[in-house]
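Listed here are the chains, written in short residue letters.
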Amino acid sequence: MSQQSDISLSFFYALVSLLFIHHVFASASTTPQVQTVNTKPDIVNPKLPPRTLSPSKKFEGSSDLVHLRYHMGPVLSSTPINIYLIWYGRWANSQKLLIKDFLNSISPTTAAAKPSVSEWWRTVSLYTDQTGANVSRSILIAGEYTDSAYSHGTGLTRLTIQQVIASAVKSAPFPVDHKNGIYLILTSQDVTMQDFCRAVCGFHYFTFPSMVGYTLPYAWVGNSGKQCPEVCAYPFAVPGYMGGGGPGALKSPNGDVGVDGMISVIGHELAELSSNPLVNAWYAGEDPTAPTEIGDLCEGLYGTGGGGGYIGQVMRDRQGKTFNMNGRRGRKFLVQWIWSPVLKACSGPNALD
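Residues numbered from 1 in each chain as written. Predicted model: local features only at pLDDT ≥ 70, side-chain atom pairs only at ≥ 80, totals over all residues. Heavy atoms only, no water.

## A short note on the confidence of the model for the chain
So, step 1. Across the chain, the average pLDDT comes to 84, with 79% of residues at 70 or higher.
So, step 2. Every residue in residues 47-59 scores below 50 in pLDDT, and together they form 21 contacts with partners more than four places removed in sequence or on other chains. (pLDDT = per-residue confidence, 0-100. Contact = heavy atoms within 4.5 Å.)

Laid out in structure tokens, this is it:
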């Protein structure tokens, strides 16, 4: 991934070409069940790799060639990690609620059905700094700011996104929290971003004191619903060039392709931001300007058997909505897996092995 921890789109094109060779719902039962804590969910198996690859099912992204190393920088170990949300552009309340439900599911006040978002974050919390402090298990939405007037226009760049943060901070809707805070900028579907759709779906970095006054870890994610859902909201949308081939798009868990697609990207960026906030902590590779981080290593993997272009085994509810983890208030989400420093492989709460 690039300096800003871009989500690689080259992997996406390989994923598309490999995934759409047969049926998505071939192994699903004809009378799927609604997943609960005590019932076996309906498993959607978008074609597993042949079992001859390994006698074990633990080959989802695992490799002896991956050298993820710690580079002595900080991780986000404060309790809680304060998230300051900046809603840039026009957002429906239902969209805001969906995203906030995901964030609040990371450390919920009441347990969600298994497999859960909080279990997914447990993998992220395995990462430590040089003092042995783990990434915090506790995340709190500490403040929100809405910029529906597009104060910096509808076309943003990597630099002007920092100006968006500066404007939000100066307007004092929330404090400058340079010790425990991270800033999450979410742009609406009518806002363009430098390299969006072409090379990135989201990125994270830190602000420059010359622009904001402080060094603040931040992440940006855009709503691709109108611009490129087939890229950044895959597999809920498929490229037009696929025509009638393949099984078609999977049904998104909450009925909003753009926002459901954003949630996996948000999870990806938050995991990397927490384990590598100043781009000097956990990453693979020798070039800090282009680190391969814990989300990059598992991009496109959502379930057991994933890898080589397969998303792996996920679940489907009675309405045909596809998901791999549960959140608060009965929400369901499809979120990519994260590299585990213990298993030395990609890991998720819905793993079957």
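## A word on the pattern of salt bridges
So, step 1. Scanning the model with the defined rule gives 8 salt bridges in all.
So, step 2. Here Asp-101 ties to Arg-328 by a salt bridge, and the two come within 2.8 Å at their closest N and O atoms. Residue Asp-101 is located in helix α2 (residues 93-105), and its partner Arg-328 is located in the loop between β13 (325-326) and β14 (332-333); the two are separated by 227 residues in the primary sequence.
So, step 3. Asp-101 sits in the buried class, given a relative accessible area of 0%. (Salt bridge = Lys/Arg side-chain N within 4 Å of Asp/Glu carboxyl O. Helix = DSSP H or I, 4+ residues; strand = E, 2+ residues; numbered from the N terminus. Buried < 20%, exposed > 50% of the residue type's maximum accessible area, 1.4 Å probe, protein only.)

## A short note on the state of the cysteines
So, step 1. Applying the stated criterion across every chain yields a total of 3 disulfides.
So, step 2. Across a sulfur-sulfur distance of 2.0 Å, Cys-197 and Cys-228 are joined as a disulfide pair. Taking the sign of the S-S torsion, about -75 degrees here, the bridge from Cys-197 to Cys-228 comes out left-handed. Here Cys-228 lies in the loop between β9 (217-222) and α6 (229-232) and Cys-197 lies in the loop between β7 (192-193) and β8 (202-206), a separation of 31 residues in the sequence. (Disulfide = S-S within 2.5 Å.)

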